[in-house]
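Geometric and topological summary
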Amino acid sequence: MMDISLNENNFFVITGGPGAGKTTLIYALEKAGFPCVAEVARQVIQEQLQCGGDGLPWMNVPRYTSLMLDRSQHTYRQATANKPGITFFDRGIPDSIAYARIAGIAISPELDAAARYFRYNNPVFMLPPWPEIYLQDEERRESYEHSVITYEMLKCVFNDYDYKLVEVPKVTVEKRVDILVSTVTSRG
């Protein structure tokens, strides 16, 4: 069991239910010059679809959760090694716990330990469900209602791991970028 933690005070998580605008916000932050880490869940789904694997949220949730955890730890370590300054993550390791809880899967000691070891800075930015922009696609098969359930579970999980949450309002992408940038650059 790990008894210390990595606590990168420049790593910030953007999370929320599927289809709340996280990826669009990440792209805008990248365009503004901030290093960003892409959503690992979508990467895992794309890879599993390409190779015919079953590590998908609609097929084998334990495998999917394990793949997400492995990829999340890898991207965290990679960002730590790069020391890029303020970095935004499209989801964090606690997201894997939320997905497991929703699916009724026991949280493994490894997953719990990873969430405690690989720490992000406060606040965690929560994007609320937004029905006007919600779209399903090949990788996002969840209903809007499932997005709402996911959002609520994410709030519980991030609170359980002692993160402070900030709900990002449903405004333009440019205004969302301004909110995040002003929040992370005004910390003292």
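Before any of the text, the structure's been laid out above.
What you are looking at is a predicted structure, and each value in this text was computed from that prediction instead of being measured.

Another point: the nonpolar core. Counting residues in each nonpolar core, the largest one holds 24 residues, and the members touching the most others are Phe 89, Ile 93 and Tyr 120. Within the residue set of this core, elements represented by two or more residues are strand S2 (11-16), helix H3 (61-82), helix H4 (93-103), helix H5 (109-117), strand S6 (124-127) and helix H6 (144-160). In contact with Phe 89, other than residues within four places in its own chain, are Phe 11, Phe 12, Val 13, Ile 14, Ile 26, Val 37, Thr 75, Tyr 76, Ala 79 and Tyr 120. By size, the runner-up hydrophobic cluster in this structure holds 16 residues, among which are Ile 14, Phe 88, Phe 125 and Leu 180.

Let us look at the side chain of Asn 10. By the element assignment, Asn 10 lies in the loop between strand S1 (6-7) and S2. Discounting chain neighbours no more than four positions away, the residues touching Asn 10 are Gly 85, Ile 86 and Thr 87.

Enumeration according to the criterion identifies 12 aromatic pairs in this entry. On the numbers, 6.3 Å between centres and 45° between planes, the contact of Phe 12 with Phe 125 is tilted. Of this pair, Phe 12 sits in strand S2 while Phe 125 sits in strand S6, and the two are 113 residues apart along the sequence. Classification of Phe 12 by relative accessible area gives buried; the value is 0%. For Phe 125, a relative accessible area of 0% corresponds to the buried category. Both rings, one in Tyr 76 and one in Tyr 120, keep their centres 5.4 Å apart while their planes meet at 75°; by these two values the pair is edge-to-face. Remark: Tyr 120 occurs in the loop between strand S5 (118-119) and S6 and Tyr 76 occurs in helix H3; sequence separation between them is 44 residues. By way of ring pairs, the aromatic residues Phe 11, Tyr 76, Phe 89, Tyr 117, Phe 118, Tyr 120, Phe 158 and Tyr 163 are connected into one cluster. Sitting over the ring of Tyr 163, Arg 119 keeps its end group 4.1 Å from the ring centre.

Turning to the sheet that holds strand S4 (residues 87-90), a few remarks are in order. Strand pairs in the sheet, formed through backbone hydrogen bonds, run parallel or antiparallel to each other. Across the sheet, which stays open at both edges, the five strands sit in the order S3-S4-S2-S6-S7 with parallel pairing between neighbours. In the strand order of this sheet, the two ends are held by strand S3 (36-37) and strand S7 (165-167), each with one partner. As paired strands, S6 and S7 are joined by three bridges and run parallel to one another. Each bridged residue has a counterpart across the sheet, and for Phe 125 the counterpart in S7 is Val 166. Where helix H7 (residues 173-185) meets the sheet, it contacts S2, S4 and S6, and its direction lies at approximately 165° from that of S6.

Moving on to unusual backbone geometry. Here Asn 122 and Pro 123 are connected by a cis peptide whose omega angle stands at 0°. Although it is not a glycine, Asp 162 sits at a positive phi angle of roughly 65°. Mapped onto the secondary structure, Asp 162 falls in the loop between H6 and S7. Look at Asp 162 and you get exposed, because its relative accessible area is 61%.

With respect to the helices, strands and loops of the structure, Pro 94 is situated in helix H4. For the pair formed by Pro 94 and Asp 160, sequence separation is 66 residues and the distance between their alpha carbons is 9.4 Å.

Reading the values: rules and limits
As a convention, each chain's residues are numbered from 1 in the sequence order in which they are written. Thresholds applied to this predicted model are a pLDDT of at least 70 for local features of residues and 80 or more for the giving and counting of side-chain atom pairs; totals over whole chains, interfaces and linings are not thresholded and use all residues. Note that water and hydrogens are dropped before the side-chain values are worked out from all heavy atoms of the structure. Note on terminology: a nonpolar core comprises buried Ala, Val, Leu, Ile, Met, Phe, Trp, Tyr and Cys residues joined through side-chain atoms within 4.5 Å. Under the scheme applied here, a residue whose accessible area is under 20% of the maximum for its type counts as buried, over 50% as exposed, and between as partly exposed, the area being computed with a 1.4 Å probe on protein chains only. Secondary structure elements follow DSSP: runs of H or I of four or more residues count as helices, runs of E of two or more count as strands, with numbering from the N terminus. In this description, contact between two residues means that some pair of their heavy atoms is separated by no more than 4.5 Å. Pairing of aromatic rings covers Phe, Tyr and Trp, the last through its six-membered ring, and needs centres within 6.5 Å; plane angles under 30 degrees mean stacked, over 60 mean edge-to-face, and all others mean tilted. Only lysine NZ and arginine CZ atoms are considered, and such an atom sits over a ring when it is within 6 Å of the ring centre and within 35 degrees of the ring normal. A pair of strands counts as paired when DSSP detects no fewer than two bridges linking them. Every axis corresponds to a line fitted to the C-alpha atoms, with the helix fit spanning only the stretch in contact, and the corresponding angles, defined between N-to-C directions, vary from 0 to 180 degrees.

Any link to function would need more than the numbers given here.
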